[in-house]
Amino acid sequence: MSGDHLHNDSQIEADFRLNDSHKHKDKHKDREHRHKEHKKDKEKDREKSKHSNSEHKDSEKKHKEKEKTKHKDGSSEKHKDKHKDRDKEKRKEEKVRASGDAKIKKEKENGFSSPPRIKDEPEDDGYFAPPKEDIKPLKRPREEDDADYKPKKIKTEDLKKEKKRKLEEEEDGKLKKPKNKDKDKKVPEPDSKKKKPKKEEEQKWKWWEEERYPEGIKWKFLEHKGPVFAPPYEPLPENVKFYYDGKVMKLSPKAEEVATFFAKMLDHEYTTKEIFRKNFFKDWRKKIKEENEKLLKEYGFCIMDNHRERIANFKIEPPGLFRGRGNHPKMGMLKRRIMPEDIIINCSKDAKVPSPPTGHKWKEVRHDNKVTWLVSWTENIQGSIKYIMLNPSSRIKGEKDWQKYETARRLKKCVDKIRNQYREDWKSKEMKVRQRAVALYFIDKLALRAGNEKEEGETADTVGCCSLRVEHINLHPELDGQEYVVEFDFLGKDSIRYYNKVPVEKRVFKNLQLFMENKQPEDDLFDRLNTGILNKHLQDLMEGLTAKVFRTYNASITLQQQLKELTAPDENIPAKILSYNRANRAVAILCNHQRAPPKTFEKSMMNLQSKIDAKKEQLADARRDLKSAKADAKVLKDAKTKKVVESKKKAVQRLEEQLMKLEVQATDREENKQIALGTSKLNYLDPRITVAWCKKWGVPIEKIYNKTQREKFAWAIDMADEDYEF
DNA sequence: TTATTAACTTAGGAGGATCGTT
DNA sequence: AACGATCCTCCTAAGTTAATAA
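No experiment lies behind these values; they were computed from the predicted model shown.

### Considerations on the overall build of chain A
- Within chain A, the secondary structure is distributed over 24 helices and 14 strands.
- In chain A, buried positions account for 44% of the 726 residues.
- If you take every contact in chain A between residues at least 6 apart in sequence, the share linking residues at least 24 apart comes to 73%.
- Counting only carbon and sulfur atoms, one obtains 52% of the accessible surface of chain A, whose full area is about 41300 Å².

This is the structure:
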C-alpha cells in the first residue's frame with residue numbers, strides 16, 4: 001500500500017478541480033466568526049472524557065454534569081478573554097433575538113457535541129491503543145535499519161552516525177583542513193583559500209563536506225552591516241494639495257505619507273507624454289538597478305564562521321498598507337515605519353557591531369548563537385517578530401534542508417508500520433485516539449497541513465487538518481458510483497481553496513459520521529484533537545516525526561515514483577522534461593499548490609495553437625517537396641537529385657521535431673494553467689531525486705533548476721549520483 | 001496542563017528581467 | 001530593435017513546531 005494510494009487517477013486527474021477555486025473564496029466568508037463559539041466546549045469535553053470513561057448508557061447523567069461544568073467554566077472564561085467575548089456577545093444577541101428557546105437547546109447540544117465514549121460498532125474488535133511502551137520499539141529497529149539501508153555515500157543527521165563521522169574526520173580531516181583551527185579564532189580573516197581566487201567568483205564552499213556543530217549551536221562568528229532602512233518619506237511639494245470634502249487640508253508629513261499609500265493603490269493612469277515618461281523611466285530604472293547592486297554588495301552579505309554568506313532579506317520592510325491574503329480582518333491597516341530603535345541586532349561578541357544611522361540607536365544588540373537570525377523587529381499588525389536571515393544557499397539553511405529530507409527518508413522506512421497503526425486506531429475505544437487516527441490518515445493520504453488553531457479576528461478564517469470544521473466536509477455514502485466519498489471544501493493556507501472528493505475506507509467514513517453527530521456546522525470536526533496532541537503522538541512513533549514530514553515524504557516519494565513511471569528511455573530531451581514536469585505536477589496537485597491562471601493565458605494559448613497550425617502546414621509542404629524530389633530521383637538517378645532528396649528529408653525531420661516541441665509545449669502549458677510547480681520544487685522535493693534523474697537520463701540540470709535553485713541545491717547536485725534513491 | 005511566543009519554513013503574487021520571434 | 005510571453009527575483013504573509021510562561 002505504500003505510496004500508491006496517493007496518486008490514483010481519481011485524485012490526480014479526475015477529481016481535482018481548480019477552475020473556480022479562486023472565485024469561490026467568498027463563499028466561506030459568512031461562516032467566519034461563527035465557529036469559535038464552540039471551541040471552549042471542546043476543552044471541557046476533553047477534560048471530561050478523562051474521567052467519564054465508565055458511564056456508558058446513562059447519558060442523562062452526563063448531560064447534567066456537563067451543564068454544570070459548562071456554566072462554571074463559562075463564567076470564569078468571560079473575564080479571561082475580553083476580545084472573544086465581545087464578539088461572542090454580539091453573536092449571542094443575534095441568536096437570542098431569533099429564539100430564546102433555541103439558544104438553550106443549542107447550548108445543550110453543544111455540550112454533547114461529541115460524547116467522550118464511543119459506542120461499539122459491529123465491526124469493532126474492541127481494540128485498545130497500546131501503551132507507549134508498545135509503540136516505542138519502533139525507534140530501535142529503525143536505527144539499526146538505518147545502517148544497512150543508507151547508501152554508503154550519503155551522510156545523514158543520525159546521531160549515531162554523526163558521532164562516528166566526527167571522530168573519523170577529526171582524525172584524518174584535521175590535516176587537510178586548517179579550517180577547524182580557524183573556526184575558533186576570535187577575529188577571523190577571510191580564508192586564505194578564499195582570498196586567492198578573487199576574480200573568478202571565489203571557490204564554492206562545500207559546507208556539506210564539513211563537520212557539523214553540536215545540536216543547538218548555529219555558529220561561532222557572525223558579523224554583518226545591519227539592515228537597510230526604507231528610504232525616508234519625502235513630503236510632497238507645497239503646491240500639491242490634499243482635499244477633504246472639497247476643502248484644502250494641510251496634512252502633517254506623516255499623514256501625508258499615509259495618504260500617498262492610499263493614492264498609490266488607486267488605479268494608475270498612464271496618460272499623456274509617452275516619450276517623456278518612457279525616457280524618464282528608463283533612466284530612472286537604470287539608476288535604481290545600480291543602487292540596488294551597490295546596496296547588495298554592501299549589506300547583502302555577512303561573514304559567518306569564516307565564510308561570506310548571502311543574506312536573504314537584508315532590507316527592512318517599508319511602511320505601507322497591510323495586505324492580508326483572502327478575507328483578512330486587518331486588511332488596509334497601516335503598517336508602520338520601522339526605526340532603528342525597533343531593531344535588535346544579533347552578532348557575535350567579537351564582531352564589529354553595525355552602527356545605527358546617525359542620531360539613532362538600536363533597540364538592543366545581542367549575541368545569541370543559538371539562533372540563525374541577524375536582525376529582528378516586531379511588526380505592528382499581528383505583533384509578530386520579523387527576521388533577517390540567510391539565503392537558502394547558505395550553510396545554515398542548506399544543512400537544515402538536507403536534514404528535513406533525511407527525516408522524510410526515515411519516515412519512508414516506518415511508514416507502513418505507522419499506517420497499520422493508525423488503521424488499528426480507527427477502532428479504538430477512545431474518541432481522542434480515533435480522531436487522531438483519522439486526522440493522520442488525511443494528513444498522510446491527502447497531504448493536508450497540520451492545522452493549528454488561529455486567533456479569531458486576527459487572521460483570515462482558514463483551516464488545516466486538525467482545525468477542520470463540520471461544515472468543511474460532506475459525506476456521501478455513494479457518489480458517482482463510488483462508495484464512502486468525502487467531499488472536502490475549505491480554505492487552506494493563503495486562503496487557497498481545497499476542493500476534493502475522496503473515496504475513503506468504510507471505517508473512516510463511519511468515524512466521520514460519529515465525529516459529526518450532534519454538531520453544528522461551525523463545530524470542530526476533531527474536537528478532541530489539536531496539532532500539539534498529534535505531533536506529540538508522532539514524536540513517539542518516530543524521532544523527529546511531525547505532521548509536515550508527511551507532506552515532505554509523500555511529495556518526494558511521489559516524484560520518485562512518477563519519474564520512474566513517466567520517463568520513457570528513448571524519448572528526446574524535451575519529452576523527458578515534459579515527463580519531469582508531469583511528475584512535478586502530480587506533486588503540486590497533491591499538495592494543492594495553485595496559482596491564479598496567468599492573465600494572458602487564453603490569448604497565449606491561441607497564439608501557440610496558430611503557431612502549431614502554421615508549422616503543420618510547413619511540414620505538409622516539406623513532405624510534398626520530398627515526395628516529388630524522390631520521384632525525380634527515381635527517374636534521374638544522378639548524384640545531384642539524391643542530394644536534394646537528402647536535404648529535403650532533413651528539412652522534414654527538422655520540421656517534425658519543431659512541431660513536436662511546440663505540441664509538447666502546448667500540452668505542458670495547458671496542464672499547468674492553474675498549478676504552481678515552484679513551491680514543491682523548492683520546498684518538498686528532495687533535490688537528490690531530481691539530480692539523480694538528470695544524471696541518469698543525461699538531462700542537463702540547468703533544464704530543471706535555474707541559477708537560484710542550483711545554488712540552493714548545490715549540496716544535492718554535488719553529492720547525488722544517478723542511483724540515488726529517496 | 002494550556003496558552004503564548006520565538007524561530008523557522010512554506011506560500012503566492014507583483015513586477016522587473018530575459019528570451020525568442022518577427 | 002521592438003514586442004510579447006515567460007521566467008525569475010523579490011517581497012512578505014501565513015503557516016508549523018518547539019520552547020517557555022502562566
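This is not the end of the story, as more comes after the structure.
### Some words on the packing of helix α14 (residues 431–446) against helix α16 (residues 531–541)
- Where α14 meets α16, the axes come as close as 11 Å, and the angle between the chain directions of the two elements is 80 degrees. Between α14 and α16, the crossing angle belongs to the class labelled roughly perpendicular. For the pair α14 and α16, contact is made by K432, R436, L440 and I443 and by I533, L534, H537 and L538, respectively.
- When its residues are assigned to classes, the contact of α14 with α16 shows 5 nonpolar, 1 polar and 2 charged.

### A closer look at the pattern of salt bridges
- Evaluation of the coordinates by the stated rule reveals 31 salt bridges.
- Between K386 and E317 there is a salt bridge, with the nearest N and O atoms lying 3.2 Å from each other. Here E317 lies in the loop between β5 (307–310) and β6 (320–321) and K386 lies in strand β11 (residues 385–388), a separation of 69 residues in the sequence.
- Judged by its relative accessible area of 25%, K386 falls in the partly exposed class.
- For R436, the salt bridge is made with D425, and the minimal N-O distance between the two is 3.7 Å. Taken together, the residues span a long stretch of sequence, with R436 in helix α14 and D425 in helix α13 (residues 395–425) at a distance of 11 residues.
- Take R436: its relative accessible area is 13%, and that puts it in the buried class.
- In this structure, a network of salt bridges that share partners links the residues E406, R409, D686 and R688.

### As for the pairing of strand β13 (residues 482–491)
- Most of β13 sits inside the fold, with 8 of its 10 residues counted as buried.
- Sheet topology note: the strand β12 (residues 473–479)/β13 ladder contains 6 bridges and is antiparallel. Looking at β13, one finds that N474 is bridged to E487.
- Taking the residues that link successive antiparallel strands as the turn, the β12-β13 hairpin has 2 residues, and the phi of D480 there is positive, at about 50 degrees.
- As defined by bridge partners, β13 adjoins strand β14 (residues 497–503) across 7 bridges and the pair is classed as antiparallel. The residue of β14 that forms the bridge with V485 is P503.
- Counting the residues in the hairpin turn of β13 and β14 gives 5 residues, including D494, whose phi is positive at 60 degrees.

### Observations regarding the sheet that holds β13
- Taken in spatial order, the 3 strands of this open sheet run β12-β13-β14, and their pairing is antiparallel. The sheet terminates laterally at β12 and β14, the two strands that pair on one side only. Recorded for the sheet is a direction-independent mean angle of 15 degrees between the axes of neighbouring strands.
- Here α14 sits on the sheet in contact with β13 and β14, set at roughly 100 degrees to β14.
- Running over the sheet, helix α15 (residues 506–516) touches β12 and β13 and is turned about 135 degrees from β12.

### Let's talk about α14
- For α14, with 16 residues, the first-to-last C-alpha span of 22 Å sits near the 22 Å given by 1.5 Å per residue.
- Across the 16 residues that make up α14, a large majority, 15, are buried.
- Just downstream of α14 lies A447, where phi reads positive at about 55 degrees.

### A word on helix α17 (residues 547–566)
- Spanning 20 residues, α17 covers 29 Å between terminal C-alpha atoms, matching the ideal 28 Å at 1.5 Å per step.
- Within α17, 15 of the 20 residues are buried, which leaves the element mostly enclosed by the surrounding structure.

### Details of the protein's contact with DNA strand C
- What surrounds DNA strand C is a group of 31 residues, the closest being R325, K386, G451, R669 and T708.
- The backbone of R325 places a nitrogen or oxygen atom 2.7 Å from a phosphate oxygen of DNA strand C.
- Contact distances for DNA strand C include 2.9 Å between a phosphate oxygen and a side-chain N or O atom of K454.
- Going through the elements one at a time, α16, α17 and α19 (601–636) are the ones with two or more residues in the surface near DNA strand C.

### Observations regarding the protein's contact with DNA strand B
- Not every one of the 30 residues close to DNA strand B is listed here, only the nearest: K397, K493, R551, T679 and Y684.
- In DNA strand B, atoms within 4 Å of the protein come 88% from sugar and phosphate.
- Here a base oxygen of DNA strand B and a side-chain polar atom of K493 are 2.6 Å apart.
- A distance of 2.8 Å separates a phosphate oxygen of DNA strand B from a polar side-chain atom of T679.
- Taken together, the residues of the surface near DNA strand B sort by class into 8 nonpolar, 7 polar and 15 charged.

### Description of the nonpolar core
- With 83 residues, the main nonpolar core has L411, F442, F488, L512 and F526 as its most contacted residues.
- With 9 residues, α14 is the single largest residue contributor to this core.
- A domain split of this core shows at least three residues from each of domain 2 (396–484 + 496–545) and domain 3 (558–719).
- Ignoring anything within four residues of it in the chain, the contact list for F488 reads F442, L446, L468, H472, I473, Y498, Y499, N500 and V502.
- Ranked by size, the runner-up nonpolar core spans 21 residues in total, among them L222, M304, W362 and V375.

### Some remarks on the packing of α13 against α14
- Interhelical geometry of α13 versus α14 gives an angle of 140 degrees and a closest axis separation of 8 Å. If you check the angle between α13 and α14, you find them oblique. In this structure, α13 meets α14 at a crossing whose hand is left-handed. Only V433, R434, R436, A437, L440, Y441 and D444 of α14 make contact with α13, whose side of the interface consists of I418, R419, Y422 and D425.
- Looking at the contact of α13 with α14 residue by residue, the class counts come to 6 nonpolar, no polar and 5 charged.

### Structural notes on the pairing of β5
- Every second residue of β5 is oriented toward a common face, the buried set being H307 and E309 and the non-buried set R308 and R310.
- Relative to β5, strand β4 (residues 301–304) runs antiparallel, the two sharing 4 bridges. Looking across to β5, one finds that C302 is bridged to E309.
- Hairpin geometry of β4 and β5 is characterised by an intervening segment of 2 residues between the two adjacent antiparallel strands and by a positive phi of about 50 degrees at D305.

### Considerations on unusual backbone geometry
- Backbone geometry places D305, a non-glycine residue, at a positive phi of 50 degrees.
- In this fold, D305 is placed in the loop between β4 and β5.
- The backbone phi angle of Y484 is positive, close to 50 degrees, even though this residue is not glycine.
- Along the chain, the position of Y484 falls in strand β13.
- Judged by relative accessible area, which is 17%, Y484 ranks as buried.

Cut-offs applied
- Residues numbered from 1 in each chain as written.
- Chains lettered and ligands numbered in written order.
- Predicted model: local features only at pLDDT ≥ 70, side-chain atom pairs only at ≥ 80, totals over all residues.
- Heavy atoms only, no water.
- Helix = DSSP H or I, 4+ residues; strand = E, 2+ residues; numbered from the N terminus.
- Buried < 20%, exposed > 50% of the residue type's maximum accessible area, 1.4 Å probe, protein only.
- Contact = heavy atoms within 4.5 Å.
- Areas by Shrake-Rupley, 256 points an atom, 1.4 Å probe, with all protein chains shown as cover.
- Axes fitted to C-alpha atoms, helices over the stretch in contact; angles between N-to-C directions.
- Parallel < 35°, antiparallel > 145°, perpendicular 65-115°, else oblique.
- Nonpolar A, V, L, I, M, F, W, Y, C, P; charged D, E, K, R; others polar.
- Salt bridge = Lys/Arg side-chain N within 4 Å of Asp/Glu carboxyl O.
- Pairing = 2+ DSSP bridges.
- Expected span 1.5 Å × (residues − 1).
- Near = heavy atom within 4 Å.
- Polar contact = N/O pair within 3.5 Å; in protein donor to acceptor, adjacent residues only side chain to side chain.
- Core = buried A, V, L, I, M, F, W, Y, C linked by side-chain atoms within 4.5 Å.
- Domains from an automatic or database assignment.
- Left-handed = near helix turned anticlockwise from the far one by under 90°.

Nothing here speaks to function; it is geometry throughout.
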